[in-house]
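# Reading the structure
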2 protein chains.
Amino acid sequence: MTSRDGYNWTPATGLTAGVPSIGVIHPPTNISSSEVLYDVIVVGAGYCGLTAARNAAAEGLKVLLLEGRDRIGGRSWSSNIDGYPFEMGGTWVHWGQSNTWREMTRYQMTSEVERSFDFSYGVNHYELNMGEKGYTMSHEKEDELLISALNKFTNIDGVYGRNTIPLPYSPFHTAAARDLDNLSAQDRINSITPSLSPQERAALESFVLLCSGATLATMSFHEFLHWWAMCGYTYAGCIDMLISWKFKRGQSSFAIRFFTEALATKRLSYAFNTPVAHIHDTGASVEVTTRAGVCYRAARLISTLPLNVLGDVSFDPPLSPGKRAAIATGHVNQCVKVHAEISNKHLRSWTGVAYPHNELMYAIGDGTTPAGNTHVVCFGGDNKHIDPEVDVEATKRAVSNMFAQQKETPQIERLVFHNWSKDEFAKGAWFFPPPGLVSSHLGDLRERHGNVLFANSDWALGWRSFIDGAIEEGTRVAYEVKTELAERERVRSSL
Amino acid sequence: MTSRDGYNWTPATGLTAGVPSIGVIHPPTNISSSEVLYDVIVVGAGYCGLTAARNAAAEGLKVLLLEGRDRIGGRSWSSNIDGYPFEMGGTWVHWGQSNTWREMTRYQMTSEVERSFDFSYGVNHYELNMGEKGYTMSHEKEDELLISALNKFTNIDGVYGRNTIPLPYSPFHTAAARDLDNLSAQDRINSITPSLSPQERAALESFVLLCSGATLATMSFHEFLHWWAMCGYTYAGCIDMLISWKFKRGQSSFAIRFFTEALATKRLSYAFNTPVAHIHDTGASVEVTTRAGVCYRAARLISTLPLNVLGDVSFDPPLSPGKRAAIATGHVNQCVKVHAEISNKHLRSWTGVAYPHNELMYAIGDGTTPAGNTHVVCFGGDNKHIDPEVDVEATKRAVSNMFAQQKETPQIERLVFHNWSKDEFAKGAWFFPPPGLVSSHLGDLRERHGNVLFANSDWALGWRSFIDGAIEEGTRVAYEVKTELAERERVRSSL
């Protein structure tokens, strides 16, 4: 099946919208009548919504899952081109990500992963293009450079953040952590600038921007330090947990397991291509109205809409001032992720940076495609933002600029990407907050609103903005809804 | 409620058997009739059995949970003396332990933890007693000593095991890993002896024995390296993940959540004080006979019996040769864990080793009791094994010997412990395998036997022998049983 989402470019076909994915659901709905009172309606079929819907259905609730897209997965999905998975959004998993790994263990999928990095052959080095100047160094030197730079960046307490964020699942466990949320990454870099070599600074800034998809000035320093704490306070931990292991058959091979399990309960109704417009909590139940004007009712509703699109649905009664303030602020990740197939270089073992001059700033060799080409994945952000489909030649130049230290111009055979910034159901990539947003509004974002619960990776406690955070949140609200509906049932049956 | 398990000694009361715990279940059974066909019988109410029973009941199955003890938790439970939790077995948790942390997140308990270590006041150092000689050093020096020693011990591939165990959830992912399972820890130490200082060797050996509860000759080197890989291949990771964070209200405050949730489904029948004697798979169903001669039937049975007691139940048809060979081998952990309350020293910030001469070899300050005493937890193993209740004065001497570098004799106000070696339902502490057991029989141990499934932390893939592995395994088999019973239902209803 082919999704409407994503773009594919080859010299032969030019740019085409839509790519195949095993995450596209057919038939797009199994609803026969709208005259049903559900136990719970779940809005959104990303990992958070899938988890909530699956758990609720498995535990006996009658569930309706509504999704605006034609596919599951939200901001994490894989296209499947000639059987090769290109990850369009969230990609990597690790056993340090508790919710993700628990699900992978339950589905017995823990061996269905492979490494992104493979430093064993071909162009096997790190390339640091800094505009005027450029350097080539071994991966060992790359590690030394980044360890040195990141240790300076994170060492706000003499122990690399350990005392400041000792228990990362406990938000702002220390007052010092809360203070750090007032700083941007730029603020922190300014305070350590004299200690950074030019290479350290370019490597550090591009790595930090790879995490945020934002600009140094718009991203919270605390949020980066929170990632760092989740990764065990080391660069090696960051590499292990953030960017090492991916599904051999793509993210959608994982997401589909949740959907299939939910469907097998026979308690899951669903409708794709069904964006919601309005959510009305009457007190007795919740009514959701789709953009097409169809109304569904349930005892509870779980919204898994991301922060940046939560304001596009109207709520009656209106959302709390705290939620509205958070929505007005929004998150700042406008990551640009572009896959390229390259035929004339063995780049499987290459990593590179082109910063600050280039539209794409960080790239790695990520696989070998069925055609025998190297698959390179490149990342840009809001610092020099592009819409890759608007000018494909410019996008190709941005890819080529990643290899400026190499004589031979790369032969680009394919580009694959999803423009998350222009995606009406995302308006950005994974959550990354500006200074102050999380310390001011994490509690607001997690708060329920009458019979409406809000779950999203954007306000998870642990791996916030990761797949793991989405599963964490879906698990949380499904448990909450199940527990209170069971209690309601208990009270009723005892009357 | 007071459990039969555990011992408490004070100067006033002397030694008494049985300690209070919130994990004791009353009434001990809710079964009204044995004339019921269950969907699944779960044998054992440790974390593995609790997880399996909870998941199965929550997902619609009719469950019977049978337990030989008077309490939940198996090898992990907390006594509750004057409101203070002493951890009788498995204690520590961390967000790198995916199954445990997922459950803690689901129950919103991630802030209900506190640190074991608190290096801030009083006797604030590391004490290394080596018999004839003894040393006192700062905790920073302790870390340096152990990092140096452990890096030598684990560095079998130039990258501290990373290449040998790159994906620890995939058993023996490399041939080199499999080869290492033929080595004992003693074999490995013999090969690096020239590089170790006497202090490094004592610190290393006592740390390694703390992990295994065995002897250096009887414990697999691979299994230790597998722990090391799970901890991110660093000593800091080991400390973080193995021994840092514990429940403020004790392990039983976590375990009881599983039981309470299962009970709330109204699909859980249970019987404590009900050891099983015989399990008969007729093909059509499984019959379990208790030691008291009562028989129960179910479509499936999940045995969560640990390896060292699996042979005490008879199976018809008999278990496979592979399982029987593993049972005949058994695991080698005979850890001795003794809590002591000490009134005349501020030992909250102290850690110490007394090795190889003493019956207890590793201890830390672990809390302050309601009486204002320091709570110190001490560990011994099979290398100089004792049964602490047999000679309390000798046990007190072994505790006192931990403090040989300190002039003042410790004033011991209380001892609390569980003799796992003499426990008929455990016959040892957490699983630790001898060389060859895991590489030869991991598959055998995980294999089902007709309608009988076997789940235990002892053969988990990830945090094998941890609470996390128990939850991993309970989750695995509950999913397997649910899926196949649902399929049976589907086929039946389509006939």
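Keep in mind the model is a prediction, meaning the values are calculated, not measured. (Residues numbered from 1 in each chain as written. Chains lettered and ligands numbered in written order. Predicted model: local features only at pLDDT ≥ 70, side-chain atom pairs only at ≥ 80, totals over all residues. Heavy atoms only, no water.)

### Points about the overall build of chain A
- The helix and strand tally for chain A stands at 14 helices and 21 strands.
- A globule of 495 residues ought to have a C-alpha radius of gyration of about 23 Å, and chain A, at 23 Å, matches this closely.
- For chain A, the spread of C-alpha atoms along the principal axes amounts to about 75 × 55 × 40 Å.
- Residue pairs at least 24 apart in sequence account for 73% of intrachain contacts in chain A once pairs closer than 6 positions are excluded.
- Working note: accessible area of chain A is about 16500 Å², and carbon and sulfur atoms make up 52% of it. (Helix = DSSP H or I, 4+ residues; strand = E, 2+ residues; numbered from the N terminus. Rg over C-alpha atoms; globule rule 2.2 N^0.38 Å. Contact = heavy atoms within 4.5 Å. Areas by Shrake-Rupley, 256 points an atom, 1.4 Å probe, with all protein chains shown as cover.)

### Some details on the sheet that holds strand β17 (residues 351-354) of chain B
All names here are of chain B.
- Pairing is mixed across the open sheet formed by nine strands, whose spatial order is β2-β1-β20-β16-β19-β18-β17-β8-β9. Every other strand in the sheet has two partners, leaving β2 (14-20) and β9 (134-137) as the edge strands with one partner each. Neighbour to neighbour, the strand axes of the sheet diverge by 20 degrees on average, direction disregarded.
- Sheet contacts for helix α6 (residues 198-212): β8 (126-129), β9, β17, β18 (362-368) and β19 (374-380); angle to β8, the most-contacted strand, approximately 100 degrees.
- Docked against the sheet, helix α12 (residues 392-401) engages β1 (2-10), β2, β8, β16 (336-342), β17, β19 and β20 (412-417), running at close to 105 degrees with respect to β20. (Pairing = 2+ DSSP bridges. Axes fitted to C-alpha atoms, helices over the stretch in contact; angles between N-to-C directions.)

### Points about the pattern of salt bridges
- Per the counting criterion, the structure on display carries 64 salt bridges over all chains.
- Ionic pairing is found between A:Asp458 and A:Arg75, a salt bridge with its closest N-O pair at 2.8 Å. Of this pair, A:Asp458 sits in the loop between β21 (452-454) and α14 (467-494) while A:Arg75 sits in the loop between β4 (63-66) and β5 (78-81); the two residues are 383 residues apart in sequence, bridging distant segments of the chain. Take A:Asp458 and A:Arg75: they sit in the same class, and that class is buried.
- B:Glu424 is the partner of B:Arg291 in a salt bridge, and the nearest nitrogen-oxygen pair spans 3.0 Å. With a gap of 133 residues between them, B:Arg291 in the loop between β13 (286-290) and β14 (295-303) and B:Glu424 in the loop between β20 and α13 (437-446) connect regions that are remote in the sequence.
- Given a relative accessible area of 40%, B:Glu424 falls into the partly exposed group.
- The network of salt bridges with common partners includes A:Arg54, A:Arg102, A:Glu103, A:Arg106, A:Glu261, B:Glu59 and B:Lys482. (Salt bridge = Lys/Arg side-chain N within 4 Å of Asp/Glu carboxyl O. Buried < 20%, exposed > 50% of the residue type's maximum accessible area, 1.4 Å probe, protein only.)

### A few points about the relation of the copies chain A and chain B
- The transform that puts chain A on chain B rotates by 180 degrees and translates by 0.0 Å along the axis, for an RMSD of 0.0 Å. Look at the turn and shift together and you get a two-fold axis relating the two. Among all C-alpha atoms of chain A, that of A:Ser98 lies closest to the rotation axis, at 1.8 Å.
- Take the interface residues of chain A: 100% of them recur as interface residues in chain B, which is what a same-surface contact looks like. (Least-squares fit on C-alpha atoms with pLDDT ≥ 70 in both.)

### A short note on the environment of B:Leu453
- Its location among the elements puts B:Leu453 in strand β21 (residues 452-454).
- As for B:Leu453 and B:Val477, which are separated by 24 residues in sequence, their C-alpha atoms are 6.8 Å apart.

### Here's the deal with helix α9 (residues 252-264) of chain A
- Compared with an ideal rise of 1.5 Å per residue, which puts 13 residues at 18 Å, α9(A) spans 18 Å between its outermost C-alpha atoms and is within 8% of the ideal.
- For α9(A), every residue scored as buried is listed here: A:Ser252, A:Ser253, A:Phe254, A:Ala255, A:Phe258, A:Phe259, A:Glu261 and A:Ala262. (Expected span 1.5 Å × (residues − 1).)

### What about the layout of surface pockets?
- Space inside the second largest pocket adds up to approximately 1400 Å³.
- Around the second largest pocket sit 45 residues that line it, and A:Ala58, A:Glu59, A:Gly60, B:Ala58 and B:Glu59 are the ones nearest its centre.
- Elements supplying a minimum of two residues to the lining of the second largest pocket: α9 and α14 of chain A together with α9 (252-264) and α14 (467-494) of chain B.
- In terms of residue class, the lining of the second largest pocket is made up of 13 nonpolar, ten polar and 22 charged. (1 Å grid on protein atoms, 1.4 Å probe; cavity = no way out; pocket = protein on both sides within 12 Å on 5 of 7 lines; lining within 4 Å. Points joined across faces, edges and corners; volume = space filled by probe spheres on them. Nonpolar A, V, L, I, M, F, W, Y, C, P; charged D, E, K, R; others polar.)

### Describing empty space enclosed by the protein
- Applying the stated criterion across every chain, the model contains six cavities of 30 Å³ or more.
- One number sums up the size of the largest cavity: a volume of about 160 Å³.
- Around the largest cavity, the lining comprises 17 residues; the ones closest to its centre are A:Asn55, A:Glu59, A:Arg102, B:Glu59 and B:Arg102.
- Among the elements of the structure, α1 (47-58), α2 (98-106) and α14 of chain A together with α1 (47-58) and α2 (98-106) of chain B are those that each provide at least two residues to the lining of the largest cavity.
- Here the lining of the largest cavity is composed, by residue class, of four nonpolar, three polar and ten charged.

### Description of the confidence of the model for chain A
- Here chain A averages 97 in pLDDT, while 100% of its residues score no lower than 70.
- Among the scores for the predicted complex, ipTM is 0.96 and pTM is 0.97. (pLDDT = per-residue confidence, 0-100.)

### Points about the packing of aromatic side chains
- In total, this model carries 50 aromatic pairs over all chains according to the counting rule given.
- Ring plane angle 70 degrees and centroid distance 5.6 Å describe the contact between A:Tyr107 and A:Phe258, whose orientation is recorded as edge-to-face. Residue A:Tyr107 is located in the loop between α2 and β7 (113-115), and its partner A:Phe258 is located in helix α9; the two are separated by 151 residues in the primary sequence. You'll find A:Tyr107 and A:Phe258 in the same group, each marked buried.
- Both rings, one in B:Trp95 and one in B:Trp245, keep their centres 6.0 Å apart while their planes meet at 55 degrees; by these two values the pair is tilted. Of this pair, B:Trp95 sits in the loop between β6 (84-87) and α2 while B:Trp245 sits in strand β10 (residues 245-247), and the two are 150 residues apart along the sequence.
- Exposure remark for B:Trp245: the relative accessible area of 5% places this residue in the buried category.
- Linked through ring pairs, A:Tyr47, A:Tyr107, A:Phe247, A:Phe254, A:Phe258 and B:Tyr479 together constitute an aromatic cluster.
- Above the ring of A:Trp92, the side-chain terminus of A:Lys337 is found at 5.6 Å from the ring centroid. (Phe/Tyr/Trp six-rings, centres within 6.5 Å; stacked < 30°, edge-to-face > 60°. Lys NZ or Arg CZ within 6 Å of the ring centre and 35° of its normal.)

### Comments concerning the pairing of β4(A)
Residue and element names in this part refer to chain A.
- Judged by which residues are buried, β4 turns out to be covered on both faces: Val 63 and Leu 65 on one side and Leu 64 and Leu 66 on the other are all buried.
- Here four bridges tie strand β3 (residues 37-43) to β4, and the two strands are oriented parallel to one another. Residue Val 42 lies in a different strand from β4, and its bridge partner there is Leu 65.
- Assessed by its sense of winding, the connection that carries the chain from β3 through α1 to β4 is right-handed.
- Pairing of β4 with strand β11 (residues 268-271) involves four bridges; the strand directions are parallel. (Right-handed = clockwise from strand over helix to strand, strands pointing away.)

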